[in-house]
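# Descriptive analysis of the structure
Residues per chain are reported as follows:
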Amino acid sequence: MPFFFDQGSGRTVCCLFCLHASLLFSSIAAAQSSGSGPRDTTCTSKRPHYFSITVLSGSAVQFFPNRNGLFSVSFPYTVADASGSTVDTFSARQRNVFGSARVFVGPLAVEMGWLHAFIHGEFSFLLGKGIGAPGWRASFGYGRIYSVGRYAIKCSLNLATTAEPRQAGDQLGSIDMQHKTIYLFGGEMPSTFMSSNQPIAANTLVITYSQREWSLLPKVSILPNPYRKPNHFELSVGYNLSFSDVGSMNFVEQGSSTSQGTESQLIGGPNLLSRGISASYNNRPLKAALYSYRGFYLEVRYDVIDWKDKKKTRT
């Protein structure tokens, strides 16, 4: 899938990369300076390594262009009941499917730093619109630290993959399954499913839309110097550069249970661009996923720091 850049976002990305490069070269020069220089105010000579963890203490939001056009999806299916079988067509038309922002919560992150470099891994949850399992994002990156007295600036480049919520994704519509058997895309939708060791008769088939993404995320962070302050807040700003987006249909069977109420089962569906699915945006056939998630990324989290060599430092 090709990149999408407009003039404004292109300048923004160039500025972020230039800032990252300038701080990178500055930190390299600082690392190569001799011991006869000025007094070390960063504490890296005493604590050359650190390890930090983040456990559910933070959140992030990622903005992207709002698409207010009309998104249309349709596909044929067969309905079989006591009176026979008929061919019908599912059709959905919606606007502003995902809005213009994604919210990530509950980060689980680890970071290891040594002198002026660090590596970072993070897993967080992506909130959906309905009831069901949330989506998620996983990322891994490498960066450099530029220390300024009590504070530090971190520049990193991260590879991230994001999965939109499927069951709690955007609902496009539903098909009645009460006393009926539904056939679509060459398969049969199960008429019953198990929940809490009880068979549940499906009466409704809900169709949702979700996307899966791979992206590059350059980030710049400001925080108290991790070699001096053990626990701290960290503020990060970045720009998400999506290079692979895949849209898919999902099927959620719903039924009723006397003891549990409404129960559901998620069934993964085909790619939005698969044969048999007609998808369009503003009456133009879609040739890629509906959204390309390029845009600013803002994150705040609280880190707990542990110096690996503090025992050695005390002696």
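Starting afresh in each chain, residues are numbered from 1 along the sequence in its written order. Confidence filtering applies because this is a predicted model: local features only for residues at pLDDT of at least 70, side-chain atom pairs given and counted only at 80 or more, and all residues used for totals across whole chains, interfaces and linings. Neither water nor hydrogens contribute to the side-chain values; these are computed over all heavy atoms in the structure.

## Quick word on the overall build of the protein
Working definition: helices are DSSP H or I runs of at least four residues, strands are E runs of at least two. Numbering for both runs from the N terminus. Secondary structure summary: the protein contains two helices and 18 strands in total. Throughout, exposure labels follow a simple rule: accessible area from a 1.4 Å probe, protein chains only, divided by the maximum for the residue type, with under 20% read as buried, over 50% as exposed, and the rest as partly exposed. When each of the 315 residues of the protein is scored for burial, the buried share is 44%. Any pair of residues with heavy atoms lying within 4.5 Å of one another is described as a contacting pair. Expressed as a percentage of contacts within the protein between residues at least 6 apart in sequence, the contacts between residues at least 24 apart total 75%. Each accessible area is a Shrake-Rupley estimate made with a 1.4 Å probe; only the visible protein chains count as cover when residues are assessed. Summed over its atoms, the accessible surface of the protein is roughly 16100 Å², and 58% of this surface lies on carbon and sulfur atoms.

## Focus: the environment of Val300
Assignment of secondary structure puts Val300 in strand β18 (residues 295-306). Taking the relative accessible area as the measure of exposure, Val300 reaches 39% and is therefore partly exposed. Put simply, Val300 and Phe233 are 67 residues apart on the chain and 7.1 Å apart in space, counted from C-alpha to C-alpha. Once residues within four sequence positions are removed from consideration, Val300 is found in contact with Gly58, Ser59, Phe233, Glu234 and Leu235.

## Looking at the pattern of salt bridges
Definition used for salt bridges: Asp or Glu carboxyl oxygen within 4 Å of a side-chain nitrogen of Lys or Arg. Taken as a whole and judged by the stated rule, the model has twelve salt bridges. A salt bridge links Asp176 to Lys180; its shortest N-O distance comes to 3.4 Å. Exposure remark for Lys180: the relative accessible area of 27% places this residue in the partly exposed category.

## Re the pairing of strand β7 (residues 135-148)
Summarising the sheet, strand β6 (residues 117-126) and β7 pair through ten bridges and their orientation is antiparallel. When the sheet's bridge partners are listed, Leu126 is paired in β7 with Gly135. At least two bridges found by DSSP between two strands are what make those strands a pair. The pairing of β7 with strand β8 (residues 151-163) spans 13 bridges and is classified as antiparallel. Directly across from Tyr146, in β8, lies its bridge partner Ile153. Between β7 and the antiparallel strand that follows it, β8, lie two residues; Gly149 among them carries a positive phi value of about 65 degrees.

## Digging into the packing of aromatic side chains
Stacked, tilted and edge-to-face pairs are distinguished by plane angle, under 30 degrees for stacked and over 60 for edge-to-face with tilted covering the rest, among Phe, Tyr and Trp rings (Trp via its six-membered ring) whose centres lie within 6.5 Å. Tallying each qualifying case throughout the model produces 14 aromatic pairs. Considering the side-chain rings of Phe185 and Phe251, the 6.2 Å spacing of their centres and the 40 degrees angle between planes classify their relative orientation as tilted. Here Phe185, found in the loop between β10 (181-184) and β11 (187-188), pairs with Phe251, found in strand β14 (residues 231-257); they are 66 residues apart in sequence, far enough to count as distant. Judged by relative accessible area, Phe185 falls into the partly exposed class, the value being 33%.

## Things to note about the environment of Cys155
On the secondary structure map, Cys155 appears in strand β8. Residue Cys155 is classed as buried on the basis of its relative accessible area, which comes to 1%. For Cys155 and Gly238, which are 83 residues apart along the polypeptide, the C-alpha to C-alpha distance reads 9.6 Å.

## Looking at the nonpolar core
To define a nonpolar core, start from buried Ala, Val, Leu, Ile, Met, Phe, Trp, Tyr and Cys residues and group those joined through side-chain atoms within 4.5 Å. Counting residues in hydrophobic clusters, the biggest one holds 34 residues, and the most contacted among them are Phe71, Val73, Phe75, Leu172, Tyr209 and Leu272. Apart from the residues lying within four places of it in its own chain, the contact partners of Leu172 are Phe71, Val73, Phe90, Ala92, Gln94, Ile207, Thr208, Tyr209 and Met249. Listed in part, the seven residues of the second largest apolar core include Tyr50, Phe118, Ile145 and Ala152.

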